Amino acid sequence: MPLQVSDYSWQQTKVAVFISVPLRGVCVRDADVFCTENYLKVNCPPFLFEVFLYAPIDDESSKAKIGNDAIVFTLYKKEAAMWETLSMSGVDKETMQRIREKSILQAQERAKEATEAKAAARREDQKYALNVMMKIEEEERKKIEDMKENERIKATKELEAWKEHQRKAEEQKRIQREEKLHQQEKQIEEERKKLKHKSLTRNSASRNLATKGRSLENIFFDKLKEDSIPVPRSVGSIKVNFTPRVFPTALRESQVAEEEEWLRKQAEARRAMNTDIPELSDLKEEEKNPEWLKDKGNKLFATENYLASINAYNLAIRLNNKIPVLYLNRAACHLKLKNLHKAIEDSSKALELLTPPVADNANARMKAHVRRGTAFCQLELYIEGLQDYEAALKIDPSNKIVQNDAEKIRNIIQGTELKS
């Protein structure tokens, strides 16, 4: 049987009750404290302290302090008043049992409410986390949409610029044709006038010969014959000097200014070296050459070692970020590894460097459009992908593979529109 603790002490004010329960010879930290508004129990084997309070207390704000072989309770009264005694008087065993059971039920209800409150708080936390995650996803989606819109605007501007350039070139050709035709008409008119003048001269000579004798006729006829026969041309040679050209394009169809600008940019790109890289100190001399790194990346790509190929292109770009073929080749590696957004970025950077558009960089520009269009299509952005494929066909209209892929994309877009 547990030993009832009877040597406790208590004090009170109008608003609080202070109880000190001694528990000597035992570890008070192992004490089991149970408190409700009408019942207080401390179980610390072999001791037991139990009191049926005189009036209700606020058990939620009440507190206990354990230490120095004692437990000190501070119980706050629900109604400010002085108690006659600490515990109820004249309580039989049935009433005690009923108070104990009621206290246990109250404690269970409060524990249930606390559990439900924790569950509700956990649900609110999950809901908040879900909202935050959805917001992050929405921001990412908006970022992708903005990037798509920027690329679409950029592609549209490039297409409009190309159309304007083509229009100006056609207009220039038309003007040249008109000038040439005008010169030809002028030459024909001059020839016609000369023939008319010769005809009049011959008619006049014939009339004069008819009025004179036969001897005079022969003299004037010989004279006229001598005048009409041109002097034989002298033999000679003409030396023609041609202006040296880098591009094998006819002068009347060339884009001299654009081609010279492209050559200038290529020369500047070859000179734009960044050697202030800490990693270069351990590299061999040939490993510091972007061209060597580009060839190394190409060989690694051929063996399907795409990550190592990307590393080679990365170092080459750090050495020289003005060479468009490095971005173009790295975009191909990202396509193989399904890094679609990086493939779009590298293709766009290559197109940015492949300006102005001339015949020498036409093949590279076509590849950049095809790779960016492929990345867009794998992201299911078929309209943007079709725009890049059509831009590639503008550069190389006879490419059957690009034609077939563009037709497949059109079919996918039309099928999507029919389903929607």
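Here the structure is a predicted model, which is why all the values come from computation and not from measurement.

Asks: Lay out the sheet that holds strand β2 (residues 9-12) with the relevant residues and their values.
Replies: Taken together, the 4 strands give an open sheet; going across it, the order is β2-β3-β8-β7, and neighbouring strands pair in antiparallel fashion. Each edge of the sheet is formed by a strand with only one pairing partner; in this case those strands are β2 and β7 (63-67). Between one strand axis and the next, the sheet turns by 15 degrees as a mean value, whatever way the strands run. Of the pairings in the sheet, the one linking strand β3 (residues 16-22) to strand β8 (residues 70-76) comprises 7 bridges and is antiparallel in character. Pairing of Ser20 across the sheet is with Val72, part of β8.

Asks: Before we move on, can you summarise the sheet that holds strand β6 (residues 47-52) with the specific residues and values?
Replies: Whether parallel or antiparallel, the strands of a sheet pair through hydrogen bonds between backbone atoms. One open sheet holds the 4 strands; their spatial order is β1-β6-β5-β4, and the pairing between them is mixed. The two strands at the open ends of the sheet, each matched to only one other strand, are β1 (3-4) and β4 (32-35). Where strand β5 (residues 39-44) and β6 come together, 6 bridges link them in antiparallel fashion. Bridge assignment links Asn43 to a residue of β6, and that residue is Leu48.

Asks: Before we move on, could you go through the confidence of the model for the protein and cite the residues and values that matter?
Replies: Of all residues in the protein, 82% have pLDDT values of 70 or greater, and the mean over the chain is 81. Put simply, helix α2 (residues 214-228) is where the protein has its lowest mean pLDDT, 44, and helix α6 (residues 324-336) is where it has its highest, 95. Predicted confidence for residues 209-229 stays below pLDDT 50, and this span has 6 contacts to residues more than four positions away or in other chains.

Asks: Could you give an account of the pattern of salt bridges, with specific residues and numbers?
Replies: Opposite charge on two side chains permits pairing when their charged atoms draw close. Counted by the stated rule, this structure contains 18 salt bridges. When the shortest N-O distance is used, the salt bridge between Arg174 and Glu171 registers 2.3 Å. Within this pair, Arg174 and its partner Glu171 are both found in helix α1 (residues 93-211), separated by 3 residues, close to a single helical turn. A relative accessible area of 32% places Arg174 in the partly exposed class.

Asks: Any details on the packing of aromatic side chains? Residues and values, ideally.
Replies: A complete count under the given rule lists 5 aromatic pairs for this structure. Ring pairs connect the aromatic residues Phe34, Tyr39 and Phe52, which therefore count as one cluster.

Asks: Quick one: what's the story with a nonpolar patch on the surface, residue by residue and with numbers?
Replies: On the surface, Tyr128, Val132 and Ile136 cluster together into a nonpolar patch covering about 300 Å² of accessible area. Counting through the fold element by element, Ile136 comes out in helix α1.

Asks: Talk me through the side chain of Gln12; I want residue IDs and the actual numbers.
Replies: Take Gln12: it is sitting in strand β2. A distance of 2.8 Å separates a polar atom in the side chain of Gln12 from a polar atom in the side chain of Lys77. Only 2.8 Å separates the side chain of Gln12 from the backbone oxygen of Trp83, close enough to count as a polar contact. Those residues in contact with Gln12, other than ones at most four positions away along the chain, are Val17, Lys77, Ala81, Met82 and Trp83.

Asks: For a negative patch on the surface, give the residues involved together with the corresponding values.
Replies: A surface patch of negative charge is lined by Asp58, Glu60, Glu109, Glu113 and Glu116. Counting through the fold element by element, Glu116 comes out in helix α1. You can call Glu116 partly exposed: its relative accessible area is 46%.

Asks: Now, about the pairing of β2: what can you tell me, with residues and values included?
Replies: Inspection of the sheet shows β2 paired to β3 by 4 bridges, in the antiparallel sense. Among the inter-strand pairings, Gln11 is bridged to a residue of β3, identified as Phe18. Hairpin geometry of β2 and β3 is characterised by an intervening segment of 3 residues between the two adjacent antiparallel strands.

Asks: Can you explain the packing of helix α5 (residues 306-319) against α6? Please cite residues and give values.
Replies: Between α5 and α6, the least distance of the axes is 9 Å, while the angle of their chain directions is 155 degrees. With respect to α6, the element α5 is oriented roughly antiparallel. In this structure, α5 crosses over α6, and the sense of that crossing is left-handed. Here Tyr306, Ser309, Ile310, Tyr313, Asn314, Ala316 and Ile317 of α5 come into contact with α6, specifically with Leu326, Tyr327, Asn329, Arg330, Cys333, His334 and Lys336.

Asks: I'd like to hear about α6, residue by residue, with values.
Replies: Working note: α-helix, 3.6 residues per turn, so residues spaced by three or four point in the same direction. With 13 residues, α6 ought to run about 18 Å at 1.5 Å a step, and its terminal C-alpha atoms sit 19 Å apart, in line with that. Burial analysis of α6 places 11 of its 13 residues in the buried class, which makes it a mostly covered element. Within the span of α6, buried status applies to Pro324, Leu326, Tyr327, Leu328, Asn329, Arg330, Ala331, Ala332, Cys333, His334 and Leu335. Against the buried residues of α6 lie α3 (256-271), α4 (290-302), α5, α7 (340-353) and α8 (362-378). Note on α6: the residue one or two positions beyond its end, Lys338, has a positive phi of about 65 degrees.

Asks: Provide a residue-level description of the nonpolar core, including the pertinent values.
Replies: By size, the foremost hydrophobic cluster in this structure holds 20 residues, and its most contacted members are Ile19, Leu23, Phe49, Phe73 and Leu75. Mapped onto this core, the elements with two or more residues apiece are β3, β5, β6 and β8. Not counting chain neighbours up to four residues away, the residues in contact with Ile19 comprise Tyr8, Ser9, Trp10, Leu40, Phe49, Ile71, Val72, Phe73, Leu75 and Leu86. Core analysis: the second largest hydrophobic core is formed by 16 residues, Leu293, Ile323, Tyr327 and Ala350 among them.

Calculation criteria
- Residues numbered from 1 in each chain as written.
- Predicted model: local features only at pLDDT ≥ 70, side-chain atom pairs only at ≥ 80, totals over all residues.
- Heavy atoms only, no water.
- Pairing = 2+ DSSP bridges.
- Helix = DSSP H or I, 4+ residues; strand = E, 2+ residues; numbered from the N terminus.
- Axes fitted to C-alpha atoms, helices over the stretch in contact; angles between N-to-C directions.
- pLDDT = per-residue confidence, 0-100.
- Contact = heavy atoms within 4.5 Å.
- Salt bridge = Lys/Arg side-chain N within 4 Å of Asp/Glu carboxyl O.
- Buried < 20%, exposed > 50% of the residue type's maximum accessible area, 1.4 Å probe, protein only.
- Phe/Tyr/Trp six-rings, centres within 6.5 Å; stacked < 30°, edge-to-face > 60°.
- Patch = residues over 30% accessible without salt bridge, like charges linked within 9 Å, V, L, I, M, F, W, Y side chains within 5 Å.
- Areas by Shrake-Rupley, 256 points an atom, 1.4 Å probe, with all protein chains shown as cover.
- Polar contact = N/O pair within 3.5 Å; in protein donor to acceptor, adjacent residues only side chain to side chain.
- Lys, Arg positive; Asp, Glu negative; His and termini not counted.
- Charge placed at Lys NZ, Arg CZ, Asp CG, Glu CD.
- Parallel < 35°, antiparallel > 145°, perpendicular 65-115°, else oblique.
- Left-handed = near helix turned anticlockwise from the far one by under 90°.
- Expected span 1.5 Å × (residues − 1).
- Core = buried A, V, L, I, M, F, W, Y, C linked by side-chain atoms within 4.5 Å.

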